[in-house]
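Coordinates in review
Residue strings, one per chain:
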Amino acid sequence: MRDGIAIVNPATGAPVGEVPDQPPPDVEAAVARARAAQPAWAALPFTERGRLLRRLSRRLIDDPTLMDTLTSESGKPRYEAEAIELFYTCELTRYVTGRAGRRALRDELRRPFVFANKRARVVRHPRGVIGVIGPWNWPLLNNFADCITPLACGNTVVLKPSEVAPLTSLHVGRLWREAGLPDGVLGVVTGGAPAGRALCDHVDMVFFTGGHATGKEVAQRAAERMIPIVLELGGKSPMIVLADADLPRAARAAVWSAFAHSGQVCIRTERVLVEAPVADRFVDLCAQEMTRLRAGVDVGAVTSRPLIDRVEQQIADAVARGARVVLGGKARADTPGQFFQPTLLAGAQPDMAVMNDETFGPVLPVMAVSGVDEALRIANASRFGLSGSVWSRDTARARDVARRLHAGSVCVNDALFNYFAVEAPIGGVKASGLGVRHGPEAMRQFCRVETILEDHPLLGFLSPFLASQLGFPYRSRSLRLIRRLMRWLY
Ligand code: NAD
């Protein structure tokens, strides 16, 4: 019998399931099934694909055990499972299957300037089979939900969830079949790196969400086959708090965006840069907010055990370099689960690991800065560029600071909510990734374009004459005319 992968509830330490560690031939077979199903799926009208995807949305909402599966393998609070992961999944389905989605995929007519006798029709076709590789921190939102956009575009998908939290994806795969949705259109395979590599070796495009090192390997593998990729990687998102900000509101957002899902959120606030005159008050307000957090209800478990070691190392490094632990700082010893106390660090400095490397855990470092220029210099020195937020009562000034941040998406006077604005692209720059999710930009990524140049309905009668003058045999009279035209136009 094949070895399985044991799945453990991080909040209790109890085993919750086992999944097969599928070898590369299984993955190849899943891609072949998806490939066989793709033409029929693509041939369905856009509205019909949308109807089927929305039918699945309803099933996800009504299913009595999906949220139990999700919380049991991730250890996150039920609230985050439903109010963030499920809500987002349904909202994204609504958007991509609606009018905006259809508009993004419509043929576009463009008029060439010089040859006005022609018109270019830009046509978008699905790319074929998309391999979606997901992380463990959002078992639904960055796994099945990342399949929705490629599916709406007429691709079929093989999803490989993380080996740490694959049960939710398998659960959705089951619901897909029970809902009578077409066979082979959504496949789920389980396993670790070998299964991920095999997927990259057979699909037509990879949509990867995960760590930077793995993303680099995915990019190298995809380059061998010249297939397109979207990489959604880690970040070190800054929160910049200006002295005129609404400090209680900023502190509330800092605490939520740093400790939601115990800090295991890609666009979380990873570091705060606050103007010096208000820095102490800001730290006090954060501390007050944090005393209200309830372990297990507001702040869940740390899903991945190795993360606890990283968090401990970063805190030790920060303290050794002069930071002060205001609250927290330790793993909880009173429970069999993997919990770490939400930790607030004051006096952070740019040379600390906690200010440079992705933490992805429940630590909030706060650094006082002399002003906007220093904040931007430190923020933009990062190799990452995923997200961020800027806080000021002067919205225009905050927007100006936001524009100067090197990031794929920035909130003004809020944090995390940018992920729910599914109408607008969100993605990473620099080491945080390539490509985007959301908006028409994301839909078009999952299509290959073809341009069909045809005669203009009114001026097309000129085409035979122009072709006879401009093609073989080359005439010096035509060249003289072209030269004159160039001088006149340019
Ligand atoms: P990871 O890179 O360890 O794993 C991600 C996925 O890749 C898993 O399914 C894993 O099995 C698979 N994989 C591993 N090696 C592979 C290989 N060689 N080829 C193909 N696939 C391979 O990441 P993780 O620890 O699961 O997730 C945490 C990271 O994800 C964090 O850095 C976080 O910031 C990032 N993340 C980013 C976003 C975003 O939208 N930018 C969202 C969520 C998480």
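The next point concerns the layout of surface pockets. Of the pockets and cavities examined, the largest pocket occupies roughly 840 Å³. Residue lining of the largest pocket: 41 residues in total, with Phe 208, Thr 209, Gly 210, Gly 211 and Thr 214 positioned closest to the centre. Of all the secondary structure elements, the ones that give two or more residues to the lining of the largest pocket are helix H8 (193-202), strand E8 (205-209), helix H9 (212-225), helix H12 (305-320) and strand E18 (426-427). The leading source of residues in the lining of the largest pocket is H9, at 6 residues. Residue composition of the lining of the largest pocket, grouped by class: 18 nonpolar, 14 polar and 9 charged. Counting the residues that make up the lining of the largest pocket, at least three belong to each of domain 1 (4-233 + 439-447) and domain 2 (238-421). If you add up the space inside the second largest pocket, you get close to 400 Å³. Taken together, 18 residues make up the lining of the second largest pocket; nearest its centre are Phe 115, Leu 466, Leu 470, Ile 482 and Leu 485. The greatest single-element share of the lining of the second largest pocket, amounting to 7 residues, is contributed by helix H18 (residues 476-489).

Here the focus is the confidence of the model for the chain. The predicted coordinates of low-pLDDT regions are not to be read in fine detail. Across the chain, the average pLDDT comes to 97, with 100% of residues at or above 70. Looking across the chain, the model is least confident in helix H17 (residues 463-470), with a mean pLDDT of 95, and most confident in strand E5 (residues 129-133), with 99.

Right, let's get into the packing of helix H10 (residues 247-259) against helix H11 (residues 276-291). One can describe the packing of H10 onto H11 by two numbers: an axis separation of 9 Å at closest approach and a directional angle of 55°. Classified by the angle between their axes, H10 and H11 sit oblique to one another. Our pair here, H10 against H11, has a crossing hand that is right-handed. On H11, the residues that touch Leu 247, Pro 248, Ala 250, Ala 251, Arg 252, Ala 254, Val 255 and Phe 259 of H10 are Val 278, Arg 281, Phe 282, Leu 285, Cys 286, Glu 289 and Met 290. When the residues that make up the contact of H10 with H11 are grouped by side-chain class, the tally is 12 nonpolar, no polar and 3 charged.

It is worth spelling out the sheet that holds strand E20 (residues 433-434) at this point. Pairing within the open sheet is mixed, and its 6 strands lie in the order E7-E6-E5-E8-E9-E20. Edge positions in the sheet fall to strand E7 (186-188) and E20, since each has one partner strand and no second. Of the pairings in the sheet, the one linking E8 to strand E9 (residues 229-232) comprises 4 bridges and is parallel in character. Looking across to E9, one finds that Val 206 is bridged to Ile 229. Strands in contact with helix H6 (residues 140-152) are E5, strand E6 (156-160), E7 and E8; relative to E6, the strand with the most contacts, it is inclined by about 165°.

Another aspect to go through is the sheet that holds strand E16 (residues 389-391). In space, the 7 strands of this open sheet follow the order E12-E13-E14-E11-E10-E16-E17, with mixed pairing throughout. The open sheet has two edge strands, strand E12 (324-327) and strand E17 (411-412), and neither has a second partner. Where E16 and E17 come together, 2 bridges link them in parallel fashion. What sits directly across from Ser 389, in E17, is Cys 411.

This model, assessed by the stated rule, comprises 8 aromatic pairs. Ring centres of Trp 41 and Trp 176 lie 6.2 Å apart, and the angle between their planes is 55°; on these two criteria the pair is classed as tilted. With a gap of 135 residues between them, Trp 41 in helix H1 (residues 24-43) and Trp 176 in helix H7 (residues 167-178) connect regions that are remote in the sequence. Given the relative accessible area of 2%, Trp 41 is considered buried. With a centroid separation of 5.1 Å and 50° between ring planes, the pair formed by Tyr 88 and Tyr 419 is classed as tilted. Taken together, the positions of Tyr 88 in helix H4 (residues 78-97) and Tyr 419 in the loop between E17 and E18 put the pair 331 residues apart, joining distant regions of the chain. Per residue, the accessibility class of Tyr 88 equals that of Tyr 419, and both read buried. Through a chain of ring-to-ring contacts, the aromatic side chains of Phe 87, Tyr 88, Tyr 419 and Phe 420 assemble into a single cluster. The lysine or arginine in question, Arg 332, covers the ring of Phe 339, its NZ or CZ lying 4.9 Å from the ring centre.

Definitions and cut-offs
- Residues numbered from 1 in each chain as written.
- Predicted model: local features only at pLDDT ≥ 70, side-chain atom pairs only at ≥ 80, totals over all residues.
- Heavy atoms only, no water.
- 1 Å grid on protein atoms, 1.4 Å probe; cavity = no way out; pocket = protein on both sides within 12 Å on 5 of 7 lines; lining within 4 Å.
- Points joined across faces, edges and corners; volume = space filled by probe spheres on them.
- Helix = DSSP H or I, 4+ residues; strand = E, 2+ residues; numbered from the N terminus.
- Nonpolar A, V, L, I, M, F, W, Y, C, P; charged D, E, K, R; others polar.
- Domains from an automatic or database assignment.
- pLDDT = per-residue confidence, 0-100.
- Axes fitted to C-alpha atoms, helices over the stretch in contact; angles between N-to-C directions.
- Parallel < 35°, antiparallel > 145°, perpendicular 65-115°, else oblique.
- Left-handed = near helix turned anticlockwise from the far one by under 90°.
- Contact = heavy atoms within 4.5 Å.
- Pairing = 2+ DSSP bridges.
- Phe/Tyr/Trp six-rings, centres within 6.5 Å; stacked < 30°, edge-to-face > 60°.
- Buried < 20%, exposed > 50% of the residue type's maximum accessible area, 1.4 Å probe, protein only.
- Lys NZ or Arg CZ within 6 Å of the ring centre and 35° of its normal.

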